[in-house]
Amino acid sequence: MTPYEANHYFETLPEGFAPAEELRAALPAAVQQVQFVGVAGTAGKTATAGLLGAILQAAGFVTGLYHAGCEPLAARIRVQGAPVDEVLFREAAEKLSAAKPLPRAAAELAAAAICFGAAGCKLAVVELPDAGLAAALPAMPVCAVTAIGPDGISRSVERSAALAAGVMREGAICVTAPEQPKAVLSELIVAAGKCNCELVVPDPEDITFLEAEKFTSKVDYGGYTVPLAFLGRHAAGNAAIAVEMALALWRKGFEIPDEAILEGLAAVENRSSIRVLSQKPLVILDACRTPQQAAALLRVLNMAKVRHMSAVVGLSEEEGAEAFFTALENGLTPEEQKKDKQTMPGMGENPFDQVFLVTPSGVEAALTERLLEKARYHFDAVLCESLDEAVKQAKANSRRGLLVCGSEAIALEAAKLLETI
């Protein structure tokens, strides 16, 4: 099986979730030697997992890192910060293809776990879009629930919190985000009590933003002062989670010096979360698709006093799109929108003169046409046939610069396109 065939095997698996027992049965004995750290939640999983992975690597541990997402799986399974060895990846794919088929999410996690076991990883940090799969992993001394907010699939935050709490297990330490909604925190406290899992909540008052240049970030959390590649208060929250997870692992017997925490936090590259590719002209890439993420983006732009940009938006789902466009216009999450009765669609001052909608690969054009109607309640919105056309129009019609945001697929495609322009 070639690397291409191995990647293709996972890409053709059906979506859906498997019982943890089926996943557990697919894991060989070598995986039992790996200690896993599971990261669940609706926003911030990728950044948090990346930050902790870098800390563990700086501390000298052979470290695995698995990101959920839409890049080829071989690029999302990483050992010591680099894509997994092709031979190990092929062998993992062959083992899984010869066994009982698993749904894609479970099969990807199984492949990552098999690779980590074969590579001799001491610790592995794994993103868990389905937190229930955590029960299949052999050892998980520490876990995390990142920020919980609207997820775009008509699920209440309480339900999202309850599902994310599936990452907890008896005797573990679970770190959650600072400033979680009260309803979310209540769910997590109840869940932690039921399974005898210690819950750690970083104190927002311990997070201090220090002076830095525009579109750069320098944060102090409880005495850990570092420059961050990620922008915004939500990014500082993710850094706080990573620090508390490192401290929790230290309490569990893993030697992690303060120097490793500082080195790891400073080392992580920002690939798609409010990533500034250029300041003159301003070019920003952000794989944001939820109202919560759109509000965080707008807060960063407003703090920098940015106006007269063009935005290229590519969404892959209609559910939650109205709330997304509202948050992109006024910076308010759905909960905040309910409280702010003064805000009317299309009437608020925002950074965007014009918005260009584009259809991500694999999405029906009819969906984007329906999204266009929603966008026009908030912006001067135009439909484009391709990302290339949208970027060209955005550049031609912008006085300040452009933003590309939406699904991860559109963000990855835009990153390659923008870096060649």
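Refer to the structure above for everything that follows.
Structural notes, computed from the coordinates. The shown structure was predicted, so the numbers you read here are calculated from the model rather than taken from an experiment.

Cut-offs used in this document
Residues numbered from 1 in each chain as written. Predicted model: local features only at pLDDT ≥ 70, side-chain atom pairs only at ≥ 80, totals over all residues. Heavy atoms only, no water. Helix = DSSP H or I, 4+ residues; strand = E, 2+ residues; numbered from the N terminus. Buried < 20%, exposed > 50% of the residue type's maximum accessible area, 1.4 Å probe, protein only. Contact = heavy atoms within 4.5 Å. Areas by Shrake-Rupley, 256 points an atom, 1.4 Å probe, with all protein chains shown as cover. Lys, Arg positive; Asp, Glu negative; His and termini not counted. Charge placed at Lys NZ, Arg CZ, Asp CG, Glu CD. Phe/Tyr/Trp six-rings, centres within 6.5 Å; stacked < 30°, edge-to-face > 60°. Core = buried A, V, L, I, M, F, W, Y, C linked by side-chain atoms within 4.5 Å. Axes fitted to C-alpha atoms, helices over the stretch in contact; angles between N-to-C directions. Parallel < 35°, antiparallel > 145°, perpendicular 65-115°, else oblique. Left-handed = near helix turned anticlockwise from the far one by under 90°. Nonpolar A, V, L, I, M, F, W, Y, C, P; charged D, E, K, R; others polar. Pairing = 2+ DSSP bridges. Patch = residues over 30% accessible without salt bridge, like charges linked within 9 Å, V, L, I, M, F, W, Y side chains within 5 Å. Salt bridge = Lys/Arg side-chain N within 4 Å of Asp/Glu carboxyl O.

### Brief notes about the overall build of the protein chain
Part 1 of the reasoning: Check the secondary structure of the protein chain and you find 16 helices and 17 strands.
Part 2 of the reasoning: C-alpha atoms of the protein chain, sized along the principal axes, occupy 60 × 50 × 35 Å.
Part 3 of the reasoning: Looking at the protein chain residue by residue over its 421 residues, the buried ones come to 53%.
Part 4 of the reasoning: Summarising the internal contacts of the protein chain: among those between residues at least 6 apart in sequence, 75% fall at separations of at least 24.
Part 5 of the reasoning: When the accessible surface of the protein chain is summed, it comes to about 18300 Å², and 51% of that surface belongs to carbon and sulfur atoms.
Part 6 of the reasoning: The average position of the 37 basic charges and that of the 52 acidic charges among the side chains of the protein chain differ by 2 Å.

### Some words on the packing of aromatic side chains
Part 1 of the reasoning: Evaluation of the coordinates by the stated rule reveals 5 aromatic pairs.
Part 2 of the reasoning: Each ring, one from phenylalanine 324 and one from phenylalanine 325, has its centre 5.6 Å from the other, and the planes form 75°; the classification is edge-to-face.
Part 3 of the reasoning: For phenylalanine 325, a relative accessible area of 0% puts it in the buried group.
Part 4 of the reasoning: Between phenylalanine 352 and phenylalanine 379 the ring centres are 6.2 Å apart and the planes differ by 70°, which places this aromatic pair in the edge-to-face class. Here phenylalanine 379 lies in the loop between α14 (365-375) and β16 (381-383) and phenylalanine 352 lies in strand β15 (residues 352-357), a separation of 27 residues in the sequence.

### Quick notes on the nonpolar core
The tendency in soluble globular proteins is for nonpolar side chains to be buried side by side.
Part 1 of the reasoning: The biggest cluster of nonpolar side chains holds 60 residues, and the ones touching the most others in it are Phe10, Phe36, Tyr66, Ile77, Phe116, Val167 and Met168.
Part 2 of the reasoning: Sort the elements by how many residues they give to this core and helix α6 (residues 104-119) lands first, with 10 residues.
Part 3 of the reasoning: Not counting residues up to four positions away in its chain, the partners in contact with phenylalanine 10 are Leu73, Phe89, Ala93, Leu96, Arg104, Ala107, Glu108 and Ala111.
Part 4 of the reasoning: Judged by nonpolar contacts, the second largest core, of 43 residues, contains Val37, Ile173, Val200 and Val243.

### Thoughts on the environment of valine 268
Part 1 of the reasoning: Its location among the elements puts valine 268 in the loop between α10 (258-267) and β12 (275-279).
Part 2 of the reasoning: With 214 residues separating them along the chain, valine 268 and alanine 54 place their C-alpha atoms 6.6 Å apart.
Part 3 of the reasoning: Leaving out residues up to four positions away in the same chain, valine 268 has contacts with Gly50, Leu51, Ala54, Ala229 and Phe230.

### Concerning the packing of helix α3 (residues 45-58) against helix α9 (residues 233-251)
Part 1 of the reasoning: Two elements in contact, α3 and α9, have axes whose closest approach is 9 Å; the angle formed by their N-to-C orientations is 40°. In terms of orientation, α3 lies oblique with respect to α9. For the crossing formed where α3 meets α9, the hand is right-handed. Contact with α3, carried on its side by Ala47, Thr48, Leu51, Leu52, Ile55 and Leu56, involves Asn238, Ala239, Ile241, Ala242, Met245, Ala246 and Leu249 of α9 and no other residues of that element.
Part 2 of the reasoning: In terms of residue class, the contact of α3 with α9 is built from 11 nonpolar, 2 polar and no charged.

### Things to note about the sheet that holds strand β2 (residues 63-66)
Part 1 of the reasoning: Spatially, 8 strands are ordered β4-β3-β2-β5-β1-β6-β7-β8 in an open sheet, and the strand pairing comes out mixed. Edge strands, defined here as strands with exactly one partner in the open sheet, are β4 (82-83) and β8 (198-200).
Part 2 of the reasoning: The pairing of β2 with strand β5 (residues 123-127) spans 4 bridges and is parallel. What sits directly across from glycine 64, in β5, is alanine 124.
Part 3 of the reasoning: Packed on one face of the sheet, α3 meets β1 (35-40), β2 and β5 and runs near 170° to β5.

### A short note on a negative patch on the surface
Part 1 of the reasoning: A surface patch of like charges, here negative, comprises Asp85, Glu86, Glu91 and Glu94.
Part 2 of the reasoning: If you trace the backbone, glutamate 86 turns up in helix α5 (residues 86-97).

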